[in-house]
Protein chains: 2
Amino acid sequence: MSNEGTTLYLGAFVDELVRSGLKHMVVSPGSRSTPIAVLAAEHPDLKIWIQIDERSAAFFALGLAKSSRQPVALLCTSGTAAANYYPAIAEANLSRVPLVVLTADRPHELRGVGAPQTIDQLGMYGSHAKWFMEMPLPEAAPAMLRHARVTASRAMMTAGTAPAGVVHLNFPLREPLLPNLDHPQLFADARRDNSQAYTAVAEAQAGLSEAVLQQLAAELSATRKGLIVCGPHDDPRFAERVIQLAELLQYPIIADPLSQLRSGAHSKRLIIDSYDAFLRIDSIVEELQPDVLLRFGAMPVSKPLLLYMSKHEQAKHIVVDEAGWRDPTLLVAARVMAEPAIFCEQLAAKLGQERKGDANADSAWLKRWQQLQLSSQEVLTEAAAAEAAGGLFEGSVVYQLQQLMNRHSTLFVGNSMPIRDVDSFWRTDDKGIRMMANRGANGIDGLVSTAMGVSAMQRGTVLLLGDLSFYHDLNGLLGAKLHGLDLTIVIVNNDGGGIFSFLPQAQLPNHFETLFGTPIGLDYEHAAKLYGGQFQRVYSWAQFQQAFQQAQASGGLQMIELPTDRAVNVELHRSIWPKLAERLAAES
Amino acid sequence: MSNEGTTLYLGAFVDELVRSGLKHMVVSPGSRSTPIAVLAAEHPDLKIWIQIDERSAAFFALGLAKSSRQPVALLCTSGTAAANYYPAIAEANLSRVPLVVLTADRPHELRGVGAPQTIDQLGMYGSHAKWFMEMPLPEAAPAMLRHARVTASRAMMTAGTAPAGVVHLNFPLREPLLPNLDHPQLFADARRDNSQAYTAVAEAQAGLSEAVLQQLAAELSATRKGLIVCGPHDDPRFAERVIQLAELLQYPIIADPLSQLRSGAHSKRLIIDSYDAFLRIDSIVEELQPDVLLRFGAMPVSKPLLLYMSKHEQAKHIVVDEAGWRDPTLLVAARVMAEPAIFCEQLAAKLGQERKGDANADSAWLKRWQQLQLSSQEVLTEAAAAEAAGGLFEGSVVYQLQQLMNRHSTLFVGNSMPIRDVDSFWRTDDKGIRMMANRGANGIDGLVSTAMGVSAMQRGTVLLLGDLSFYHDLNGLLGAKLHGLDLTIVIVNNDGGGIFSFLPQAQLPNHFETLFGTPIGLDYEHAAKLYGGQFQRVYSWAQFQQAFQQAQASGGLQMIELPTDRAVNVELHRSIWPKLAERLAAES
């Protein structure tokens with residue numbers, strides 16, 4: 001009869017996850033997790049993705065969830081398996097990606113007494129999980145079947161609502177571990193028919209009160225020198241709405257590459273994409289004194305932008321964010337707890353009603369930003385489009401990708417240098433390319449697996465990353481082989497940690513290469529062969545174009561490596577800024 | 001002047017780790033950790049090991065620490081880097097391996113506010129670390145330099161004393177991050193000369209009181225049917241002493257392969273190494289009713305042994321363990337809180353004084369165990385030495401390795417099937433081969449890296465593991481390339497999770513291969529090429545012998561793959577037990 005408990009309790013739990021909207025579960029093989037794995041595989045409406053390495057499994061789930069904007073479940077056996085989830089959980093927590101983590105555990109009588117594959121799993125993800133629950137031993141009593149359904153529903157709700165994040169449920173499981181797949185009550189709910197959720201969850205969209213809206217509308221429309229700063233944010237409704245708001249206020253929009261504002265059908269008139277370049281110039285930072293900064297999304301990538309914002313403490317810093325606290329400048333004077341898209345719509349409506357939004361027309365402030373944008377764009381594009389002497393310039397790969405990528409495809413960008421190069425060199429376009437990255441904790445880990453998860457949901461996904469990040473998550477390549485996924489990986493291989501050459505650490509001749517440069521000298525062609533991928537190494541942009549088109553046409557796992565030189569690359573980057581300063585000085 | 005704080009505070013900390021006995025630090029590259037990394041690299045008496053992937057870095061450190069039986073330090077930057085340490089930390093905690101984990105962090109004003117590469121690192125390893133401390137911002141004030149030295153000393157003491165385990169210190173660090181390597185006070189201690197520790201730590205060896213010894217001696221010498229059970233334990237003093245005790249009591253010694261009792265110069269007269277085979281036979285379990293079980297070390301690998309111990313609740317179960325609680329049978333009637341080697345010495349002395357230790361001579365009980373051992377050994381050796389029809393038998397690789405391995409070399413054994421095969425098929429010998437494994441949490445993760453860490457300390461290390469474990473930690477191979485290490489890896493490749501074919505899950509035809517068999521079909525020859533290793537795939541034991549000798553002679557990173565078949569292997573294993581039962585039945 002304990003088998004009946006296992007079958008019906010866990011069956012109800014899995015079934016209710018699905019009724020609450022779960023479509024994907026990433027499973028790593030193991031014995032203790034057997035009943036949940038088997039029931040999940042048996043459920044007709046759940047897709048199972050197998051991944052052997054739990055670290056990769058968790059990042060793969062992160063990619064699925066980021067891409068679909070829906071909770072995804074993870075399942076592993078007891079022991080260190082669960083500890084391998086930790087990096088992806090930390091990332092999901094900070095980047096607000098909904099994950100429902102299910103860990104199998106030994107029952108209580110086998111915990112802490114030296115039983116095999118048993119570690120303390122209670123609350124093992126600490127503050128990185130939004131909600132942890134130790135589940136009971138499975139039982140088939142009616143009250144317990146209700147508990148299974150309510151907990152599944154609650155897990156999905158908790159993971160998915162703002163700020164989205166990680167739920168961890170730990171399941172003590174006793175032998176026998178095999179469920180009875182022939183049980184007539186399996187996946188049946190005594191109270192409901194087979195399609196309805198046990199607890200339907202309707203999420204309210206909190207609107208701002210009339211008083212707050214009125215005050216903000218009055219304040220902003222009276223402020224000419226305003227700036228909208230859009231950091232990483234991935235709501236497809238947002239672009240049109242923030243632009244409508246900006247038009248009414250005539251504020252320039254600083255658009256981080258992950259704001260989804262750089263690429264799309266929307267108007268680009270107010271979008272500034274080259275701030276990272278011109279905000280490196282002290283006189284311009286000095287000149288551009290804002291009165292208000294209206295911020296959406298996570299912190300932008302650009303350090304010059306951060307320094308610019310931090311410097312202007314006289315401005316009123318307003319953050320619109322539905323939850324959390326994302327402001328390393330420590331200068332925020334007003335926090336609006338609202339969903340950005342709804343906020344923009346409400347405020348635009350209010351401004352439209354009251355002022356027709358023309359108070360700031362012909363704003364000299366806006367024109368100055370637009371002029372800087374135009375000139376900087378030209379200098380940056382010229383640098384990125386050129387064939388540099390001395391080797392491939394890493395910035396150019398971004399320019400090339402922007403030309404080559406298909407409309408409505410996805411670019412997943414690695415951390416460290418690639419995201420900074422995308423910030424510098426990806427100009428606005430109308431291709432509607434979705435830009436993704438792991439910018440919660442900005443790790444160089446798990447990038448292959450996350451992009452692999454994205455590729456499972458979105459055709460034509462391209463991953464751009466450096467050689468150390470690629471090495472860190474080589475195991476993620478197995479996903480393409482096991483699941484027949486299409487992913488084109490562009491590896492910028494400067495044989496080491498390229499970013500450190502830009503930092504003060506480069507001044508340490510005795511320790512630099514050992515501790516920071518860290519060349520590892522791997523020939524990734526062998527990695528491609530190991531995982532059944534195609535590999536092309538290119539030495540010119542003409543070769544890159546050909547390789548990229550071939551990769552996209554062939555599908556499957558495709559890798560294109562660009563060998564670059566760290567020292568040359570720093571020089572090429574650094575040669576741009578004086579040119580830009582000169583040009584802007586000549587214009588002012 | 002904040003630079004002086006960074007230099008002197010962290011310099012004192014690093015210096016005191018070294019004065020307290022630290023010899024190795026495994027460092028992963030990063031920016032925030034710069035001052036500690038640079039000071040560690042600058043310290044003349046500390047060896048730095050670079051490893052890019054923090055998960056591999058932590059297991060590599062685990063291998064160094066297991067092998068040397070001394071604390072080893074880990075250093076990483078802020079963010080998910082630190083989360084990658086978690087699996088090895090969970091393993092180190094349970095297998096009592098001393099690690100001092102140093103994580104760099106943003107300073108307080110940049111925490112929880114969306115600053116890059118910043119996760120909540122306070123107590124992030126939960127109950128898996130013995131001691132966590134949030135460090136202060138570095139300061140050069142005399143009281144703070146004392147604090148740095150005392151904390152370093154305390155960290156080393158805490159990690160190293162029973163039960164050894166993990167200490168986690170989190171360092172908030174502000175820019176500028178570069179220390180001043182020319183500072184005249186660097187690594188100098190105002191109070192002491194340059195060789196002495198700031199706080200010398202002398203560890204007492206707790207002896208048992210006369211009363212307890214007397215009672216135990218009386219009890220045991222009056223009990224003829226006693227059994228000594230030695231689980232994983234790695235104290236070089238232990239073998240001789242437990243054998244001396246067993247001789248006095250005339251008790252057979254059940255010797256797990258990780259007890260270090262199967263291989264060495266000591267007497268094997270009382271050692272039973274084939275219990276896993278004959279304790280599968282119900283009538284023998286029934287027959288062998290012990291009155292006392294005297295247990296040392298962690299839980300043995302053998303499930304038949306566990307079931308045997310659990311069945312005999314009438315016996316007095318005594319556990320000798322200096323700390324912790326390792327007993328999933330839940331039958332322990334007496335716990336002796338003592339170091340096993342010291343306990344054996346004290347008790348043997350007491351028995352020797354009082355009874356000359358001959359009360360149990362000519363014990364029928366012992367003779368029966370010895371007879372079962374002898375017959376089982378023969379059947380097992382015959383099975384392992386045979387050339388099986390239908391493919392390579394996985395048990396035979398253990399037999400072959402035992403013939404081929406050099407005296408005083410080290411065998412690191414993977415979890416899942418390899419450790420069980422070693423348990424079944426490694427017979428006692430006098431080669432003094434050290435047997436190691438990760439049996440704290442028994443994970444299939446991190447095995448390559450752990451063995452790589454061991455190989456850095458011990459010449460002639462051999463790793464035996466399955467193909468899924470090998471895949472899980474391919475990244476660990478980089479260690480051999482970066483540090484020029486010698487490791488011979490024997491990969492039993494049955495293309496999937498071999499152990500599941502032995503479990504009830506094998507009864508699920510619809511889901512078995514997807515969820516449990518999980519073939520991944522990788523050709524590891526490409527992995528060898530990627531990391532600059534040699535690869536040989538062998539199809540017969542003659543080929544294996546040649547390949548192994550060639551690998552050992554060449555040095556460097558050597559991989560030998562044995563393709564096996566999961567179904568054939570289960571059959572070959574299962575064909576042994578009826579043969580053994582028949583033979584033993586015929587003898588009784």
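What you see is a predicted model; the values in this text were computed from it and never measured.

1. Focus: the nonpolar core
Soluble, globular proteins show a tendency: their nonpolar side chains are buried together.
Point 1. M25 and I489 of chain A together with M25 and I489 of chain B are the most contacted members of the largest nonpolar core, which has 216 residues in total.
Point 2. For I489 of chain A, the residues in contact, after removing those within four places along its chain, are V448, L463, L465, F470, L477, L557, Q558, M559 and I560 of chain A.

2. Digging into the UniProt feature "domain: Thiamine pyrophosphate enzyme N-terminal TPP-binding" (unreviewed entry) in chain A
Point 1. The UniProt record marks residues 12-124 of chain A with the feature "domain: Thiamine pyrophosphate enzyme N-terminal TPP-binding" (unreviewed entry), using the residue numbering of this structure.
Point 2. Between the C-alpha atoms that bound residues 12-124 of chain A the distance is 25 Å, and the span itself is 41% helix and 18% strand.

3. Let's talk about the interface of chain B and chain A
Point 1. With 83 residues of chain B at the interface, the matching set in chain A holds 83 residues.
Point 2. When chain B packs against chain A, close to 6,700 Å² is buried across both sides, 64% of that on carbon and sulfur atoms.
Point 3. A per-residue breakdown of the area chain B buries against chain A is headed by Y471, L515 and L530 of chain B, which together make up 10% of the total.
Point 4. For the pair chain B and chain A, the interface holds 3 salt bridges.
Point 5. Here E175 of chain A ties to K303 of chain B by a salt bridge, and the two come within 4.0 Å at their closest N and O atoms.

4. Notes on the packing of aromatic side chains
Point 1. The full count for this structure, using the stated rule, is 29 aromatic pairs over all chains.
Point 2. Cluster of aromatic residues (ring-pair linked, three or more members): Y86 and Y125 of chain A together with Y86 and Y125 of chain B.
Point 3. Above the face of the W49 of chain A ring, K47 of chain A is positioned so that its terminal group lies 4.3 Å from the ring centre.
Point 4. Here R280 of chain A stacks its cationic end above the ring of W577 of chain A, 3.9 Å away from the centre of that ring.

5. Here we look at the packing of helix α3 (residues 54-68) of chain B against helix α16 (residues 447-457) of chain B
Residues and elements named next belong to chain B.
Point 1. At a closest axis distance of 6 Å, the pairing of α3 and α16 adopts a crossing angle of 45 degrees. With respect to α16, the element α3 is oriented oblique. Crossing geometry of α3 relative to α16 is assigned as right-handed. Between α3, through S56, F59, F60, L62, G63, L64, K66, S67 and S68, and α16, the contact on the second element is made entirely by S449, T450, M452, G453, V454, A456 and M457.
Point 2. In terms of residue class, the contact of α3 with α16 is built from 8 nonpolar, 7 polar and 1 charged.

6. Description of the relation of the copies chain B and chain A
Both copies of the chain are placed relative to one another by a rotation about an axis and a shift along it.
Point 1. Its rotation angle being 180 degrees, the transformation that places chain B on chain A also includes 0.0 Å of axial translation and leaves an RMSD of 0.0 Å. The transformation just described matches what one would write down for a two-fold rotation axis. Relative to the rotation axis, the C-alpha of H526 of chain B is the closest in chain B, positioned 2.6 Å from it.
Point 2. When the interface residues of chain B are mapped onto chain A, 100% of them are again interface residues, pointing to one common binding face.

Each value, and the rule that gives it
Residues numbered from 1 in each chain as written. Chains lettered and ligands numbered in written order. Predicted model: local features only at pLDDT ≥ 70, side-chain atom pairs only at ≥ 80, totals over all residues. Heavy atoms only, no water. Core = buried A, V, L, I, M, F, W, Y, C linked by side-chain atoms within 4.5 Å. Buried < 20%, exposed > 50% of the residue type's maximum accessible area, 1.4 Å probe, protein only. Contact = heavy atoms within 4.5 Å. UniProt positions renumbered as here; feature names shortened; annotations may be inferred. Helix = DSSP H or I, 4+ residues; strand = E, 2+ residues; numbered from the N terminus. Buried area = accessible area lost by both parts, 1.4 Å probe. Salt bridge = Lys/Arg side-chain N within 4 Å of Asp/Glu carboxyl O. Phe/Tyr/Trp six-rings, centres within 6.5 Å; stacked < 30°, edge-to-face > 60°. Lys NZ or Arg CZ within 6 Å of the ring centre and 35° of its normal. Axes fitted to C-alpha atoms, helices over the stretch in contact; angles between N-to-C directions. Parallel < 35°, antiparallel > 145°, perpendicular 65-115°, else oblique. Left-handed = near helix turned anticlockwise from the far one by under 90°. Nonpolar A, V, L, I, M, F, W, Y, C, P; charged D, E, K, R; others polar. Least-squares fit on C-alpha atoms with pLDDT ≥ 70 in both.

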